[in-house]
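Chain residues, written in single-letter form:
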Amino acid sequence: MSAEIVLKTIKEKQIEWVDFRFVDLSGRAHHITLPAKEVNEETFVNGVAFDGSSIPGFRGIEESDMVMMPDHGSVFVDPFTAHPTLNVFCDIYTPDGDRYERDPRSIAVRAEEYLKQSGVGTAAFFAPESEFFIFDDVRFESGMNKTYYSVDSEEAAWNTGRSEEGGNLGYKVPVKGGYVPVAPTDKQQDIRSEMCRLLEEAGIRVERHHHEVATSGQAEINFRFDTLLKTADNLMVYKYIVHNTAAQFGKTATFMPKPLFGDNGSGMHVHQSIFNGDTPLFYDKGAYANLSEIALNYIGGILYHAPAIIAFTNPSTNSFKRLVPGFEAPVNLVYSKGNRSAAVRIPVAAVTPKGCRIEFRTPDSTANPYLAFSAMLMAGLDGIKNKIDPVKLGYGPFDKNIYELSDEEKATIRSVPGSLDEALSALENDYEFLTQGGVFTKAFIDNFVELKRAEARAVAVRVHPYEFGLYYDL
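Structure report, in brief. Since the structure is predicted, the reported quantities are computational estimates derived from the model, not experimental observations.

Of regular secondary structure, the protein possesses 13 helices and 17 strands. Taking 23 Å as the expected radius of gyration for a compact globule of 474 residues, we find that the protein reaches 23 Å, a close match to that expectation. The dimensions of the protein, computed from C-alpha atoms along their principal axes, are 65 × 60 × 50 Å. With 474 residues in all, the protein has 53% of them scored as buried.

In total, this model carries 21 aromatic pairs according to the counting rule given. Ring centres 5.5 Å apart and planes at 10° place the aromatic pair Phe-133 and Phe-135 in the stacked group. Exposure class is identical for Phe-133 and Phe-135. Each is buried. A ring pair is formed by Tyr-288 and Tyr-335, whose centres lie 6.0 Å apart and whose planes are at 80°; its orientation type is edge-to-face. Remark: Tyr-335 occurs in strand 15 (residues 332-337) and Tyr-288 occurs in the loop between strand 14 (279-280) and helix 6 (293-304); sequence separation between them is 47 residues. According to the relative accessible area criterion, Tyr-335 is buried, its value standing at 1%. Ring pairs connect the aromatic residues Phe-22, Phe-50, Phe-58 and Tyr-100, which therefore count as one cluster. For the cation-ring pair, Arg-21 lies above Tyr-240, with the distance from its terminal atom to the ring centre recorded as 4.2 Å.

Before going further, it helps to spend a moment on helix 1 (residues 3-12). Inspection of helix 1 places Ala-3, Val-6, Thr-9 and Ile-10 among the buried residues, and these make up the whole buried set. Considered in projection along helix 1, the buried side chains sweep an arc of 115° and stay on one side of the axis. Residues of helix 1 that are exposed and point more than 90 degrees away from the buried face comprise Glu-4, Lys-8, Lys-11 and Glu-12. Positive phi appears at Gln-14, one or two residues downstream of helix 1, with a value of about 55°.

A few words on the nonpolar core. Generally speaking, soluble globular proteins have nonpolar side chains that are buried together. In this structure, Phe-132, Ile-274, Leu-377, Leu-427 and Phe-440 are the most contacted members of the largest nonpolar core, which totals 122 residues. Not counting residues within four places of it along the chain, the set of residues in contact with Leu-427 comprises Ala-308, Ala-311, Phe-312, Leu-434, Ile-445, Phe-448 and Val-449.

In this section: a nonpolar patch on the surface. Judged by side-chain polarity, Val-138, Phe-140, Tyr-149 and Phe-261 come together as a nonpolar surface patch covering roughly 560 Å² of accessible area. Along the chain, Phe-261 turns up in the loop between strand 12 (252-254) and strand 13 (268-276).

Cis rather than trans, the peptide bond between Ala-183 and Pro-184 has omega equal to 5°. Within the secondary structure layout, Pro-184 lies in the loop between strand 8 (147-152) and helix 4 (189-201). One non-glycine residue, Val-180, adopts positive backbone phi at about 50°. Along the chain, Val-180 falls in the loop between strand 8 and helix 4. With relative accessibility at 43%, the residue Val-180 sits in the partly exposed group. Positive phi values are uncommon outside glycine, yet Ser-216 reaches one of about 65°. Its place among the elements puts Ser-216 in the loop between strand 9 (206-211) and strand 10 (218-223). Exposure remark for Ser-216: the relative accessible area of 0% places this residue in the buried category.

Further remarks concern the side chain of Asp-91. Relative to the elements of secondary structure, Asp-91 occurs in strand 5 (residues 85-93). There is a polar contact of 2.9 Å between the side chain of Asp-91 and the side chain of Arg-105. Residues within four places of Asp-91 in sequence aside, it is in contact with Val-67, Met-68, Met-69, Arg-99, Asp-103, Arg-105 and Ser-106.

Enumeration according to the criterion identifies 23 salt bridges in this entry. Between Arg-21 and Asp-78 there is a salt bridge; the shortest N-O distance is 3.4 Å. Remark: Asp-78 occurs in the loop between strand 4 (65-77) and strand 5 and Arg-21 occurs in strand 1 (residues 17-23); sequence separation between them is 57 residues. Here Arg-21 falls in the buried class, since its relative accessible area comes to 8%. As a salt-bridge pair, Asp-446 and Lys-442 come within 2.9 Å of each other at their nearest N and O atoms. Placement of both Asp-446 and Lys-442 in helix 12 (residues 442-460) is noted, with a separation of 4 residues, approximately one turn of the helix.

This brings us to the packing of helix 7 (residues 306-313) against helix 11 (residues 420-429). Where helix 7 contacts helix 11, the axes come no closer than 7 Å and their chain directions differ by 120°. One element, helix 7, and the other, helix 11, form an angle in the oblique class. As for how helix 7 packs across helix 11, the hand of that crossing is left-handed. In this structure, helix 7 contributes Pro-307, Ala-308, Ile-310, Ala-311 and Phe-312 to the contact, and helix 11 contributes Ala-423, Leu-424, Ala-426 and Leu-427. Grouping the amino acids of the contact of helix 7 with helix 11 by side-chain chemistry returns 9 nonpolar, no polar and no charged.

It is worth spelling out the side chain of Asn-87 at this point. Inspection of the secondary structure puts Asn-87 in strand 5. A polar contact is formed between the side chain of Asn-87 and the side chain of Asp-78, at a distance of 3.0 Å. Apart from residues no more than four positions distant in its own chain, Asn-87 is found in contact with Asp-19, Arg-21, Ser-74, Val-75, Phe-76, Asp-78 and Tyr-240.

Within the fold, Lys-187 resides in the loop between strand 8 and helix 4. In sequence terms Lys-187 and Cys-356 are 169 residues apart; their C-alpha atoms lie 34 Å from each other. Discounting chain neighbours no more than four positions away, the residues touching Lys-187 are Glu-154, Glu-155, Gly-170 and Tyr-171. A distance of 3.1 Å separates the side chain of Lys-187 from the backbone oxygen of Pro-184, its partner in a polar contact.

Take the environment of Asn-276 next. By the element assignment, Asn-276 lies in strand 13. Sequence spacing of Asn-276 and Glu-408 is 132 residues, and the spatial spacing of their C-alpha atoms is 43 Å. With residues up to four places along the chain from it excluded, the contact list for Asn-276 reads Val-120, Gly-121, Thr-122 and Leu-281.

Conventions used here
Residues numbered from 1 in each chain as written. Predicted model: local features only at pLDDT ≥ 70, side-chain atom pairs only at ≥ 80, totals over all residues. Heavy atoms only, no water. Helix = DSSP H or I, 4+ residues; strand = E, 2+ residues; numbered from the N terminus. Rg over C-alpha atoms; globule rule 2.2 N^0.38 Å. Buried < 20%, exposed > 50% of the residue type's maximum accessible area, 1.4 Å probe, protein only. Phe/Tyr/Trp six-rings, centres within 6.5 Å; stacked < 30°, edge-to-face > 60°. Lys NZ or Arg CZ within 6 Å of the ring centre and 35° of its normal. Arc of directions from axis to C-beta. Core = buried A, V, L, I, M, F, W, Y, C linked by side-chain atoms within 4.5 Å. Contact = heavy atoms within 4.5 Å. Patch = residues over 30% accessible without salt bridge, like charges linked within 9 Å, V, L, I, M, F, W, Y side chains within 5 Å. Areas by Shrake-Rupley, 256 points an atom, 1.4 Å probe, with all protein chains shown as cover. Salt bridge = Lys/Arg side-chain N within 4 Å of Asp/Glu carboxyl O. Polar contact = N/O pair within 3.5 Å; in protein donor to acceptor, adjacent residues only side chain to side chain. Axes fitted to C-alpha atoms, helices over the stretch in contact; angles between N-to-C directions. Parallel < 35°, antiparallel > 145°, perpendicular 65-115°, else oblique. Left-handed = near helix turned anticlockwise from the far one by under 90°. Nonpolar A, V, L, I, M, F, W, Y, C, P; charged D, E, K, R; others polar.

The structure is reproduced here in C-alpha cells:
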C-alpha cells in the first residue's frame, strides 16, 4: 500500500484522524494523533516528531528529538474510536534521517534483510499462539505498608460458593479444567468471537479461537502466519483489539504470563519456518518428523542459544513463575514431534510441505514481538550457518513425557534459566550471533539488559505477602 493509496483510503472512508504509532523496548505501543486534513504525501516523507526522552530506554533529554516515519503498508481502521481513525505503524528515525538503532521495529527490518543476505532463504514466517486471561475485576497495590493483588472472574473455580451473583448458577471452570468446554461452562464464546470479527476487519486472518486450560477465563485466538515484520505488527493489533474488546464488555484482559498461582500460565508458542521463494526449506519427506537438515540446524541454533534469547522471549520477572515444571510449561531444552513437554515441538498432524514448521513453546506475550522474533530468527540462522546438530548435542529427539522421567534422566536435560536475572546474564555471555549483519548492536543489548535488570531489582526489593506467613512469628 503506497502513501497515495493511504490518502485515498482516508478520503473514501471519511477518516477524521490519523493515529501514528511506535513501540518501545518493552513492547508497549505509543501514539500521536493528527487531523486527517493535516496528513499528506509530505507526512510520509518528513514523518511525525516526538519526544524520545519520555520513553523508557530510548534517549536522554539532551538528545530527545525523534521522528516517526509511517509505514504505509501497516494501516488499519481503529474499531474503537468514536471519530473515524486510521492507525499507522511507524519506524523511528533520528533528526539526521538515520534509523534509530534502539527502535524494535527497525531491528525486525534488519533481521529480514540479514536473512536474504545470508543466502539461506528469502522470507521467514512466524505464527504466534498468544494466550491471555479475561477477568471481571483486577486490583493491585504496592506501597510501603501494603502489597496485594486480587483478580476475579465469574467462571473461576474459587467462586463455586459465591452468592453475590444474585444466585449462583454453577458451571464454574475447574483448576486446569478449562480446555475447550462448551457453554454454559465456557462463558466467553461471544467476547472471543467479537474479538475475531474485529481482527478480520483489521485485515488479520483468524484461524480459530477457544477457551484454554486454566480457570478464570484463559483464552486463545490463533491468526494466520505471515512474515516476521508483518506478524509482529499483527500481534500488536491483536493485543490492542483483545484489550479494548474486553473493556467494551466491561471486563479486562491481560497477557501477563502467570496471574494465577496454582494453575496454568499464558504462553506464546511461536511457529516458524523459512522459505526460498515459494519453496519451503524445512521439509524432507521420510526424515524424522519430515524435517530437513536446515530445519534441524535451525532447531539446534534455537536450543543452543535458548538461555540468551529467552531474555527477549520471556523478558519479565513474572515469566519465570510460568516456566516451572508441572503446568505444561516447556522448560526442557529438547525437541520432539508432538511432545508438548519439549521446548521445541514439531507439529505433525495434517502438515503439508509448506506447512512444515517448528514451534518454540517457551515464549510468552510480555515479549516485544519485534525483538523476540528477530532473536529467534538470528539463533536459527546461526544454527544453519554453523551446522549445529541438535542430535549430537543431546537435544533430542525426545518423544517421552519429560515430566514422568526419573530424577537421574531429568538431570541430563538442559533447562531454561530460572529467573530473569539468569536469562540476562546468559544474554551478556552469548550475544555475538545477534549482532551478525548489524541486526542487534552491542549498545542496544547493553541498554536492554540495564532496563530489564532495573525491573528485576524493583521486584526483588519489595516485600512479598507470602513472607509474612513464613517469617512474621519468628
